[in-house]
Amino acid sequence: MKSAVETLNPTRVRLTVEVPFEELKDSLDAAYKKINQQVTVKGFRKGKIPARVIDQRFGRGAVLEEAVNDALPKFYTEAVNEAELNVLGQPEVDITELKDGETLNFTAEVDIRPAIEIPDYSGIEVEVDAVEVTDEDIDKSVEQLRERFASTSPVERAAEDGDVVTIDLEAKVGGEVLEDGIASGVSYTIGSGELLDGIDDAVKGLEAGGEATFASELKGGSAAGQEAEVTVKVTQVAARELPELDDEFAQLASEFDTLDELKADSRKRLANMKQFDQATQAQERVLDKLLELVEVPVPEKLLEDEVNTRKHNLEHHQLGQMGLTLEKYLEIQGKTVEEFETETHEAAVKGIKTQFVLDELVKQEKLNVSQEELTEHLMRRAASSGMSPDQFAQAVVQNNQVPLLVGEVARGKALAVVVEAATVKDTNGEVVDLDDEDEAEAAAETVEAVEGAGDAASEESAEG
């Protein structure tokens, strides 16, 4: 077999492959064997039909077609390996010549990862928010905890903001009560915004036994997105009572003996959260600076696939789970279809460029992924997906996605290397020394967020 490579552009090549006919022998033998198992000829036992009889009865062309279909993937792969190409996706194959007993010639056009040169990135400088925990932050945190330990007691008065009401609901669309439009004994805190738009105004001022009707757009169910006439009946009004902020509350709500100890712990936890947010911000801004330094051509077909995958995942998975259509989502976001298309395209370009650049850094820095790092990443991905680690691991193995997870971890490590070399200052002008653990975890999350739902570059590399 002989092969040659022609570069069509920085992200696409054409392979020209010439295969001497003798190299098709194994595939021809396999073709005759396969046809032997599929046909019957009077006077011959199944599987024992001579090749000349198959040629006479079914045509040599059918055998050659079967043999070529069997052989092409093998010769294509050999040509790719010989040229040391990093291909993306499936090739477009064209058989240019097939002479029985002489030769098989074909071409294959395929996208490849572009050659990327990583410049010196040690001069990158970014600014991030300073980590500051105020007394107001602590008071807010403690107040949220206090809210969780609130008690309720029924009252005989009209409902007010903050009260917990028990209500029955009935929704009609077009004058007909929906099958899934009736709910009884629903507990709702007025002002929480957790139910339907307009319900707060409807129930405020009602006592137990009172009812009201209001119009609202349904957020879920069989008539999601439609305008409904909703009747709400209040069966009980209960006032919420917050516990006193004292040492007794600290003992009730935590493992601490005093309110001061509880507040000190809140300060520590808030500082840790803000440090992680700061690390994430540093990763994102360093990545943006790095991408500005590198020229990265993006394959058109890969970009098209990535855009389509992101749209599909948003529309059929994320929004589907929330009972929203794409149109309603855009309305809520205040975006036009054109703005959505532009944002999706830009995000897809950034995701692909990020993969290409960080994968090149993984090679350049000779970064490896340990079993421990892979396990930690798997546990975190499982938690964010709502699956148990065992379920998530099983799904990853079944879908042959272990290489994708390894790639995510490796790219996170590559980004962490760049952040380590960069100068990170906070808004106070102080140099920020990021915690190694926060840095590694934030890097992995940043890479996941940027690569988004598509991951077409990774998937097509794995397929290629």
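Being a predicted model, the structure only gives us computed values, none of them experimental.

Conventions we followed
- Residues numbered from 1 in each chain as written.
- Predicted model: local features only at pLDDT ≥ 70, side-chain atom pairs only at ≥ 80, totals over all residues.
- Heavy atoms only, no water.
- Helix = DSSP H or I, 4+ residues; strand = E, 2+ residues; numbered from the N terminus.
- Buried < 20%, exposed > 50% of the residue type's maximum accessible area, 1.4 Å probe, protein only.
- Contact = heavy atoms within 4.5 Å.
- Areas by Shrake-Rupley, 256 points an atom, 1.4 Å probe, with all protein chains shown as cover.
- Lys, Arg positive; Asp, Glu negative; His and termini not counted.
- Charge placed at Lys NZ, Arg CZ, Asp CG, Glu CD.
- Axes fitted to C-alpha atoms, helices over the stretch in contact; angles between N-to-C directions.
- Parallel < 35°, antiparallel > 145°, perpendicular 65-115°, else oblique.
- Nonpolar A, V, L, I, M, F, W, Y, C, P; charged D, E, K, R; others polar.
- Pairing = 2+ DSSP bridges.
- Domains from an automatic or database assignment.
- Buried area = accessible area lost by both parts, 1.4 Å probe.
- Salt bridge = Lys/Arg side-chain N within 4 Å of Asp/Glu carboxyl O.
- Polar contact = N/O pair within 3.5 Å; in protein donor to acceptor, adjacent residues only side chain to side chain.

**Student:** Sorry, what's going on with the overall build of the protein chain here?
**Tutor:** Tallying secondary structure elements over the protein chain gives 15 helices and 11 strands in all. By its C-alpha atoms, the protein chain is 100 × 65 × 40 Å across when sized along the principal axes. For the protein chain, with 464 residues in total, the buried portion stands at 39%. Contacts in the protein chain between residues far apart in sequence, at least 24 positions, make up 70% of those at least 6 positions apart. For the protein chain, the computed accessible surface area is about 26200 Å², with 46% contributed by carbon and sulfur atoms. Each charge class in the protein chain can be summarised by its mean position, and for the 46 positive and 102 negative side chains these summaries are 10 Å apart.

**Student:** What should I look at first to understand the environment of K413 in this one?
**Tutor:** Examined against the element boundaries, K413 turns out to sit in helix α13 (residues 402-421). A relative accessible area of 24% places K413 in the partly exposed class. In sequence terms K413 and A271 are 142 residues apart; their C-alpha atoms lie 24 Å from each other. Those residues within four positions of K413 in sequence are excluded, and the remaining contacts are L367, N368 and E373.

**Student:** Just to check I follow, could you spell out the packing of helix α11 (residues 371-385) against α13 for this structure?
**Tutor:** Two measures define how a pair of helices packs: the angle their axes make with one another and the distance between the axes. With their axes 10 Å apart at the nearest point, α11 and α13 run at an angle of 105° to one another. The angle between α11 and α13 places the two elements in the roughly perpendicular class. Two secondary-structure elements touch here, α11 through E373, L374, H377, L378 and R381 and α13 through V402, L405, V406, E408, V409 and K413. Residue classes in the contact of α11 with α13 are distributed as six nonpolar, one polar and four charged.

**Student:** Looking at this model, I keep getting lost on the sheet that holds strand β4 (residues 103-112). Mind explaining?
**Tutor:** Each strand in a sheet pairs with its neighbour through backbone hydrogen bonds, running either in the same direction (parallel) or in the opposite one (antiparallel). Within the open sheet, the four strands sit side by side as β1-β2-β4-β3. Their pairing is antiparallel. Edge positions in the sheet fall to β1 (2-9) and β3 (87-99), since each has one partner strand and no second. Each strand of the sheet is rotated relative to its neighbour by a mean of 20°, with strand direction disregarded. By the bridge criterion, nine bridges tie strand β2 (residues 12-20) to β4 in an arrangement that is antiparallel. Paired with V13 across the bridge in β4 is V110.

**Student:** What is the right way to read the pairing of β4 from this model?
**Tutor:** One face of the sheet, then the other: side chains in a regular strand alternate in exactly this way. Within β4, nine of the 10 residues are buried, leaving the element largely enclosed by the surrounding structure. Across nine bridges, the pairing between β3 and β4 is antiparallel. Across the sheet, K99 pairs through a bridge with T103, a residue of β4. In this structure, the hairpin formed by β3 and β4 is closed by a connection of three residues, where G101 is found at a positive phi of approximately 85°.

**Student:** When you look at the environment of A228 in this model, what are you seeing that I'm missing?
**Tutor:** Position of A228 relative to the elements: it lies in strand β10 (residues 227-241). Classification of A228 as buried rests on a relative accessible area of 4%. Separated by 47 residues in the primary sequence, A228 and G181 have C-alpha atoms spaced 9.6 Å apart. Ignoring any residue separated from it by four or fewer positions in sequence, one finds A228 in contact with A171, K172, V173, F214, A215, S216 and L218.

**Student:** How do you make sense of the domain arrangement of the protein chain when you look at a structure like this?
**Tutor:** As a measure of interface size, the accessible area lost when the parts come together is often cited. As far as domains go, the protein chain holds domain 1 (2-111), domain 2 (152-241) and domain 3 (257-453). On a C-alpha basis, the centres of domain 1 and domain 3 stand 43 Å from each other. Contacts between the two partners involve four residues from domain 1, matched on the other side by six residues from domain 3. Buried area between domain 1 and domain 3, both sides added, is near 370 Å², and the carbon and sulfur share of it is 78%. When residues of domain 1 are sorted by the area they lose upon contact with domain 3, T11, L88 and D111 head the list and together hold 87% of the total. Applying the counting criterion to the domain 1 and domain 3 interface returns zero salt bridges. Taken together, the links from domain 1 to domain 3 amount to zero residue pairs in polar contact (both at pLDDT 80 or more).

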